[in-house]
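What follows is each chain in one-letter form.
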Amino acid sequence: VREMLLWAEEQIEEKNPSLTAFTAHFNNVSGWCRTRLIESKDPKEREKVALKLLKVMKHLRLMNNFNSYLAILSAMDSAAISRLDWSDDVIKGLDEPHALIDNASSFKAYRTALREAKPPCIPYMYGNTFCLLGRFDRCVCIIEGCSCKT
């Protein structure tokens, strides 16, 4: 929690190594997924990669790894990827993730999923709401010095 509060005051990466690493991991996963999709020149191959990523997302969701789950969704929703032609299977496969991260009612669906998640759980951090969204007794907080219960 200390790093989050410090980040809110001054966004200096050296003073917030855990948050910086957490964000970098999200960006790396998302970037790798975008690269894999774009480097597949054949539409059928690209479709196979997209369907595989959707399958990986389902497993991540079952493991309560919201961070990597949403990193892949971020890749699928990026401008370079979302403007490609996709089959109905891929489009339908994105319905559930989109519903989870829908910002209606302040991300109510995500907050509910996080609250109901059984440990271990890796939450998705947006803004300064990493620890504050879930029930502290249900999530493992990976921020050094965090006072969340495990």
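In this text the structure is predicted, and so the values were computed from the model without any measurement. (Residues numbered from 1 in each chain as written. Predicted model: local features only at pLDDT ≥ 70, side-chain atom pairs only at ≥ 80, totals over all residues. Heavy atoms only, no water.)

**A word on the overall build of the protein**
The helix and strand inventory of the protein stands at 8 helices and 0 strands. When the helices and strands of the protein are read in sequence order from the N terminus, they spell out α-α-α-α-α-α-α-α. Pairs at least 24 residues apart make up 52% of the contacts formed inside the protein by residues separated by at least 6 positions. (Helix = DSSP H or I, 4+ residues; strand = E, 2+ residues; numbered from the N terminus. Contact = heavy atoms within 4.5 Å.)

**Observations concerning the pattern of salt bridges**
In the structure shown here, the tally under the stated rule is 1 salt bridge. With a closest N to O distance of 3.0 Å, E39 and R36 form a salt bridge. With E39 and R36 both in helix α2 (residues 17-39) and 3 residues apart, the pair spans about one turn of that helix. You can call R36 partly exposed: its relative accessible area is 27%. (Salt bridge = Lys/Arg side-chain N within 4 Å of Asp/Glu carboxyl O. Buried < 20%, exposed > 50% of the residue type's maximum accessible area, 1.4 Å probe, protein only.)

**Topic: the confidence of the model for the protein**
Mean pLDDT over the protein: 81, with 75% of residues reaching 70 or higher. Low confidence marks residues 128-150, where pLDDT is under 50. Its contacts with residues over four positions away, or in another chain, come to 56 contacts. (pLDDT = per-residue confidence, 0-100.)

**Section: the packing of aromatic side chains**
Per the counting criterion, the structure on display carries 3 aromatic pairs. Summarising the aromatic geometry, the rings of F26 and Y124 are spaced 5.5 Å apart at their centres and angled 35° between planes, so their arrangement reads as tilted. Residue F26 is located in helix α2, and its partner Y124 is located in the segment after α8 (108-116); the two are separated by 98 residues in the primary sequence. In this pair, the class of F26 matches that of Y124, namely buried. With a centroid separation of 5.4 Å and 85° between ring planes, the pair formed by F66 and Y110 is classed as edge-to-face. (Phe/Tyr/Trp six-rings, centres within 6.5 Å; stacked < 30°, edge-to-face > 60°.)

**A closer look at α8**
For α8, the set of buried residues is Y110, A113 and L114. Considered in projection along α8, the buried side chains sweep an arc of 100° and stay on one side of the axis. Seen from the buried face of α8, the exposed residues on the opposite side, beyond 90 degrees, are K108 and E116. Buried positions along α8 lie against α3 (43-62), α4 (66-77) and α7 (95-100). (Arc of directions from axis to C-beta.)

**Topic: the environment of I101**
Inspection of the secondary structure puts I101 in the loop between α7 and α8. I101 sits 28 residues away from L73 along the chain, and the two C-alpha atoms are 9.5 Å apart. Leaving out residues up to four positions away in the same chain, I101 has contacts with L70, L73, F107 and Y124.

**Some details on the environment of L62**
Examined against the element boundaries, L62 turns out to sit in helix α3. Take L62: its relative accessible area is 69%, and that puts it in the exposed class. On a C-alpha basis, the gap between L62 and A117 in space is 9.2 Å, while along the polypeptide they are 55 residues apart.

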